[in-house]
Amino acid sequence: AKATGKARYEVFNTTMHTRAAALLQLETDLRRGLERREFQLYYQPIVSLKTSAITGFEALIRWQHPQRGLVSPAEFIPVAEETGLIVPIGWWVLREACRQLSAWKIQFPEYQSLVMSINLSAKQFTQTNLVEEITEILRETDVPAKSLKLEITESVIMDNAEIATTMLFQLQSLGIQLSIDDFGTGYSSLAYLYRFPTHTLKIDRSFINKIDIDSEQFEIVRTIVTLAANLGMDVVAEGVETLKHLAQLKALNCGSGQGYLFSKPVDSQMAAKLLQEQNIV
Ligand code: C2E
Ligand code: CA
Ligand code: CA
Ligand code: CA
């Protein structure tokens with residue numbers, strides 16, 4: 001029994017060591033990736049379910065690693081947060097997405113109301129210069145504040161309730177919009193919802209994927225859509241993959257949608273093509 005215990009301990013130890021080494025390697029690679037411009041933004045359209053028009057895009061980061069190929073943000077964002085590298089990466093994302101939006105508004109004068117949604121992580125949210133930095137990026141890229149939407153999850157607010165309140169109101173007073181991402185998966189009290197200057201609820205895709213066959217999902221989405229309407233907020237359904245999903249969401253009067261049915265996240269050239277064609281579903 002003793003031998004087994006020891007063996008198990010060694011395995012555990014080895015695993016820990018391997019994980020630590022892998023994390024360290026990833027951190028080094030992330031740092032180098034930022035210097036060598038290995039990151040790229042993809043853009044996924046957000047579509048009005050009433051008019052089918054593209055009203056904006058969500059910017060989603062991609063990492064083209066020289067050896068490993070395309071690395072998913074689900075893999076490296078958590079490490080970037082753990083190591084603090086999310087801060088410089090996050091500034092790069094903001095600047096790049098705003099620069100792109102500005103270019104599109106020149107290229108497509110009919111799209112002046114296009115909105116760029118950007119994901120903000122908890123670590124970025126605790127940066128004391130967040131508001132100044134965003135102000136500077138907007139000025140530099142000539143993007144009006146109302147064209148920028150910041151997506152944060154419920155836990156980002158909950159974990160930093162005090163700072164969050166101050167920051168969110170400062171951002172709101174600039175005219176920037178705020179979206180609660182993955183809504184329904186966190187643990188926020190509903191009271192927080194109206195205490196913060198929230199413009200949009202993004203319904204997590206786990207509530208959408210069976211909306212056409214699961215009556216409980218349908219009722220949950222109905223409740224969120226009604227809640228948003230009653231609080232004067234917009235609502236975006238994530239993960240709209242099928243025409244059946246779309247039909248149910250339309251029946252519920254859900255304002256906007258995002259998902260593979262309309263388009264996967266695409267590079268900037270392809271996104272420009274989508275704007276040009278504008279015949280999404
Ligand atoms: P998220 O913010 O919830 O982004 C939506 C994710 O759902 C994206 O995954 C998108 O590709 C995927 N998606 C969109 N439509 C569909 C659909 O119809 N079906 C399915 N199954 N999936 C769909 P992605 O791009 O891999 O990003 C994963 C997560 O990584 C994001 O989740 C976000 O939390 C994080 N992330 C991505 N880019 C950034 C960034 O620039 N900064 C930060 N802080 N986080 C980011
Ligand atoms: Ca998001
Ligand atoms: Ca989301
Ligand atoms: Ca998500």
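Whatever comes next refers back to the structure up there.
My aim in this report is to walk through the structure given alongside it, one point at a time.

Examining helix α9 (residues 215-230)
Part 1 of the reasoning: Taking 1.5 Å per residue as the helical rise, α9 with its 16 residues ought to reach 22 Å, and the 22 Å between its terminal C-alpha atoms agrees with that figure.
Part 2 of the reasoning: Those residues of α9 that sit buried are Gln217, Phe218, Val221, Ile224, Val225 and Ala228. The buried residues of α9 all sit within an arc of 130° when viewed along its axis, so they share a single face. What points out from α9, more than 90 degrees from its buried face, is the exposed set Ser215, Glu216, Thr223 and Asn230.
Part 3 of the reasoning: Summarising the contacts, the buried residues of α9 are in contact with β6 (177-183), β7 (200-203), β8 (234-237) and α10 (243-251).
Part 4 of the reasoning: Taking the backbone nitrogen of glutamate 216 as reference, a side-chain oxygen 2.8 Å away marks aspartate 214 as the first, capping residue of α9.

Focus on the site of ligand 1
Part 1 of the reasoning: Around ligand 1, the structure places 21 residues, and the nearest of them are Gln44, Arg62, Arg205, Glu241 and Tyr260.
Part 2 of the reasoning: In this structure, an oxygen atom belonging to ligand 1 sits 2.9 Å away from a side-chain N or O atom of arginine 62.
Part 3 of the reasoning: Measuring from an oxygen atom of ligand 1, one finds a backbone N or O atom of tyrosine 260 at 2.9 Å.
Part 4 of the reasoning: For ligand 1, the accessible surface in isolation is 800 Å², of which the surrounding protein chains cover 82%.
Part 5 of the reasoning: Using a 2 Å cut-off from the grid points, one finds that ligand 1 occupies the largest pocket.
Part 6 of the reasoning: Of all the secondary-structure elements, those providing two or more residues to the shell around ligand 1 are β2 (54-65), α2 (73-83), α3 (86-107) and β6.
Part 7 of the reasoning: Per-element tally for the shell around ligand 1: the top contributor is β2, with 4 residues.
Part 8 of the reasoning: Class assignment for the residues of the shell around ligand 1 results in 9 nonpolar, 5 polar and 7 charged.

Points about helix α7 (residues 161-174)
Part 1 of the reasoning: Over its 14 residues, α7 extends 20 Å from the first C-alpha to the last, a length consistent with the 20 Å expected when each residue adds 1.5 Å.
Part 2 of the reasoning: For α7, every residue scored as buried is listed here: Ala164, Met167, Leu168 and Leu171. One face of α7 carries all of its buried residues, which in axial projection span an arc of 105°. What points out from α7, more than 90 degrees from its buried face, is the exposed set Glu162 and Ser173.
Part 3 of the reasoning: Residues of α7 that are buried make contact with α4 (122-125), α5 (130-141), β5 (148-153), α6 (154-159) and β6.

Rules of the game
- Residues numbered from 1 in each chain as written.
- Chains lettered and ligands numbered in written order.
- Predicted model: local features only at pLDDT ≥ 70, side-chain atom pairs only at ≥ 80, totals over all residues.
- Heavy atoms only, no water.
- Helix = DSSP H or I, 4+ residues; strand = E, 2+ residues; numbered from the N terminus.
- Expected span 1.5 Å × (residues − 1).
- Buried < 20%, exposed > 50% of the residue type's maximum accessible area, 1.4 Å probe, protein only.
- Arc of directions from axis to C-beta.
- Contact = heavy atoms within 4.5 Å.
- Polar contact = N/O pair within 3.5 Å; in protein donor to acceptor, adjacent residues only side chain to side chain.
- Near = heavy atom within 4 Å.
- Areas by Shrake-Rupley, 256 points an atom, 1.4 Å probe, with all protein chains shown as cover.
- 1 Å grid on protein atoms, 1.4 Å probe; cavity = no way out; pocket = protein on both sides within 12 Å on 5 of 7 lines; lining within 4 Å.
- Sits in = over half its atoms within 2 Å of the grid points.
- Nonpolar A, V, L, I, M, F, W, Y, C, P; charged D, E, K, R; others polar.

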